[in-house]
Amino acid sequence: NNVIRIHSNGTIDVLYAIGSTSNSGDVDESNILIIKNNTTSFKRIDLATGAQSTVTITGTAFNAADVVWTQSAGVQYLFGVESNGALTRVNLSTNVASQLPVPGLPTSGGFGAIWRDSTNRIFTFNNGNGSVVLDVGSYMTPAKTSDAGIPLLIDELANLLVGGHDTTASQIGC
């Protein structure tokens with residue numbers, strides 16, 4: 001129920017009480033923490049001031065377990081993957097949620113973590129089979145899926161870290 005700061009020595013400061021038990025959220029480029037309250041609302045917390053507001057969304061109910069913030073052409077979005085494999089996008093300018101078809105996205109198993117890389121490619125983790133789904137956004141059709149799970153994730157991260165050169169988990173000591 002709080003936003004906290006953990007110092008390098010392990011001490012904790014409570015910065016703001018937020019009155020939400022959400023474990024799903026992301027921080028935008030303006031240092032605003034956006035957390036999911038429920039299927040039809042989000043809470044915005046300014047991490048510099050503690051100011052809070054509730055945003056009601058319309059359109060499709062947002063049932064995803066996790067969210068990721070991204071921006072495209074100046075418009076801010078939250079994305080999440082529903083348990084049935086549907087990609088849901090919330091336009092933060094209009095507060096309207098919609099589901100987007102992503103051919104190749106698994107339709108079972110449930111999805112947990114979702115994140116993006118520095119080029120705004122969106123990734124998610126399938127909790128049912130451990131697969132990592134790469135680039136589930138509109139940037140690539142169909143979605144690239146691998147049942148390799150964590151080893152594939154490590155390979156993708158290693159590839160990003162070495163500037164696009166081919167690298168495998170075994171080459172970086174994993």
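Residues numbered from 1 in each chain as written. Predicted model: local features only at pLDDT ≥ 70, side-chain atom pairs only at ≥ 80, totals over all residues. Heavy atoms only, no water.

Chemist: With reference to specific residues and values, describe the side chain of Ser-41.
Modeler: With respect to the helices, strands and loops of the structure, Ser-41 is situated in strand β5 (residues 41-46). Given the relative accessible area of 9%, Ser-41 is considered buried. Beyond its immediate stretch of four places on either side in the chain, Ser-41 contacts Lys-36, Thr-54, Val-55, Thr-56 and Ile-57. (Helix = DSSP H or I, 4+ residues; strand = E, 2+ residues; numbered from the N terminus. Buried < 20%, exposed > 50% of the residue type's maximum accessible area, 1.4 Å probe, protein only. Contact = heavy atoms within 4.5 Å.)

Chemist: Please give an account of the pairing of strand β8 (residues 68-72) that cites residues and values.
Modeler: Pairing of β8 with strand β9 (residues 75-81) involves five bridges; the strand directions are antiparallel. Each bridged residue has a counterpart across the sheet, and for Thr-70 the counterpart in β9 is Tyr-77. Connecting the antiparallel pair β8 and β9 is a turn made up of two residues, with Ala-73 showing a positive phi of about 50 degrees. (Pairing = 2+ DSSP bridges.)

Chemist: Could you give an account of the nonpolar core, naming the residues involved and the relevant values?
Modeler: Of all hydrophobic cores here, the largest spans twelve residues; its members are Ile-32, Ile-34, Phe-42, Ile-57, Phe-62, Ala-64, Val-67, Trp-69, Leu-78, Val-90, Leu-92 and Ala-97. Ignoring any residue separated from it by four or fewer positions in sequence, one finds Trp-69 in contact with Asp-26, Val-27, Asp-28, Glu-29, Ile-34, Gln-76, Tyr-77, Leu-78, Leu-92 and Arg-116. Listed in part, the ten residues of the second largest apolar core include Val-68, Val-81, Val-102 and Ile-114. (Core = buried A, V, L, I, M, F, W, Y, C linked by side-chain atoms within 4.5 Å.)

Chemist: Kindly report on the sheet that holds strand β3 (residues 25-27), identifying the contributing residues and their values.
Modeler: The antiparallel open sheet is built from four strands, whose spatial order is β3-β4-β5-β6. The open sheet has two edge strands with one neighbour each: β3 and β6 (52-56). When the angles between neighbouring strand axes are averaged without regard to direction, this sheet yields 20 degrees. Relative to β6, β5 is paired through five bridges, and the arrangement is antiparallel. What sits directly across from Phe-42, in β6, is Val-55. (Axes fitted to C-alpha atoms, helices over the stretch in contact; angles between N-to-C directions.)

Chemist: Give a description of unusual backbone geometry that names residues and reports values.
Modeler: Despite not being glycine, Ala-73 has its phi angle at roughly 50 degrees, a positive value. Judged by relative accessible area, which is 84%, Ala-73 ranks as exposed. A positive phi angle is found at Asn-95, which is not glycine, with a value near 60 degrees. Its location among the elements puts Asn-95 in the loop between β10 (87-91) and β11 (96-100).

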